[in-house]
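Report on the structure
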Amino acid sequence: MLSYKKDLLNFDLDEKANLNLQLNYDFHANEDFALNINSDKFEFNNVNIKQNKADILSLEKLDIKTFVFNLDRQNIKFDDIDFNSLKTNMILNKNGINFANLIKKEKIAVKDTKVEDTKNESKPWKINLSNLKINNSDFIFSDKVNNTIAQTKAFNINLNSLNVDGSNIDLSNLDFVNPKLSFNDKKNKIDISAKNTKINLDKLTFKEGILDINKIDVSKDNLTLNDKESNFNLLSKEIDISINALKIADNKTSIDSMSFGLIPENARSTPSTKIRGSLLLLIEEPPRMRIVASAPGVLLLEYRRAPAIFPFKPSPIVFTGTFFNASPLTFVIAEVIVLLDCVP
């Protein structure tokens, strides 16, 4: 049973919620005010939060194997984080987003006070996350203002590592798998759905305002778009997008290479071929020739005869070694025009 003060919070927590926590701490009351906290066990179970009698968040289990908090070094570390069955229902209405109103606001009288300029340099906090997993989770976003709803069902996220040092971010690898994604715009009568979306993000860094991403791979098994007002329908299968070396700096975006594949449903097409080069001058049609190679193992011979169609049967006297059966070859040679320039 997890107790809380209901008069301070703007939501209701299910009575089955429980927190299993084992902490170790080390405190030194010196000039640096050193405080070190680490956990051997951190489990949050059976969480169900309601607001205005509507479910907005539920969590079957949150398990954190390693938690370290160091106040002196301003370092927070999480390792082996597992979210199991996280269900989130975010709602936007005229009063704002529901999650922004979880804590009740108290009216505080504001007094005019003089603010003194201080130039104390604060040390940035360092946050390290590794082995983060979100399994079998749902997310729903309902926009009551624009009458739209977006939702994803049973998605999974695997994060290898994430390091945050002040404003600098370093992410090693992120996998996102979403069996079903849908978007419905009731106002404009637009429906979009996608199945089996897979996103892989490899090596993302953000330092000094520069964003670098080594590689992004996006694939979908099925994409459907239905615009009822425009009477436009799109059905596509096997969408694959790959972006290599994406960089954004100083409002400029650069990409080393990008590939895009889209196969429409029931579509048949013939691949096209583009050859770059110069065209021949349209002076005279070039001669036509057909060359037929010799049968395997036949010795090369030099034989001349006037242009015609004739069977070619080499004399057996010319051959040495092992003999075999081969069909006679046929040469077809068209008339050849040769232009000679003579220099006196």
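Here, the structure is the one placed above.
Residues numbered from 1 in each chain as written. Predicted model: local features only at pLDDT ≥ 70, side-chain atom pairs only at ≥ 80, totals over all residues. Heavy atoms only, no water.

1. Notes on the pattern of salt bridges
Here the structure, examined in full by the defined rule, presents four salt bridges. The salt bridge partner of Asp 63 is Lys 65, with a shortest N-O separation of 3.0 Å. The partly exposed category is assigned to Lys 65, whose relative accessible area is 45%. Here Asp 138 and Lys 87 are joined by a salt bridge, their closest N and O atoms 3.3 Å apart. Of this pair, Asp 138 sits in strand β7 (residues 126-143) while Lys 87 sits in strand β5 (residues 75-93), placing them 51 residues apart in sequence. Look at Asp 138 and you get buried, because its relative accessible area is 16%. (Salt bridge = Lys/Arg side-chain N within 4 Å of Asp/Glu carboxyl O. Buried < 20%, exposed > 50% of the residue type's maximum accessible area, 1.4 Å probe, protein only. Helix = DSSP H or I, 4+ residues; strand = E, 2+ residues; numbered from the N terminus.)

2. A look at the packing of aromatic side chains
One pass over the structure, following the stated rule, counts three aromatic pairs. Aromatic side chains Phe 67 and Phe 78 sit 5.1 Å apart centroid to centroid with 35 degrees between the ring planes, which places their arrangement in the tilted category. Here the residue Phe 67 occupies a position in strand β4 (residues 54-70), and Phe 78 occupies one in strand β5, the gap between them amounting to 11 residues. Relative to Trp 125, the ring of Phe 69 has its centre 5.7 Å away and its plane inclined at 25 degrees; by these criteria the two rings are stacked. Of this pair, Phe 69 sits in strand β4 while Trp 125 sits in the loop between β6 (96-97) and β7; the two residues are 56 residues apart in sequence, bridging distant segments of the chain. Exposure remark for Phe 69: the relative accessible area of 19% places this residue in the buried category. (Phe/Tyr/Trp six-rings, centres within 6.5 Å; stacked < 30°, edge-to-face > 60°.)

3. Topic: the environment of Asn 70
With respect to the secondary-structure elements, Asn 70 resides in strand β4. In this structure the C-alpha to C-alpha distance between Asn 70 and Asn 38, which are 32 residues apart in sequence, comes to 8.6 Å. Not counting residues within four places of it along the chain, the set of residues in contact with Asn 70 comprises Leu 35, Asn 36, Asn 75 and Trp 125. (Contact = heavy atoms within 4.5 Å.)

None of the figures reported here should be taken as evidence of function without further support.
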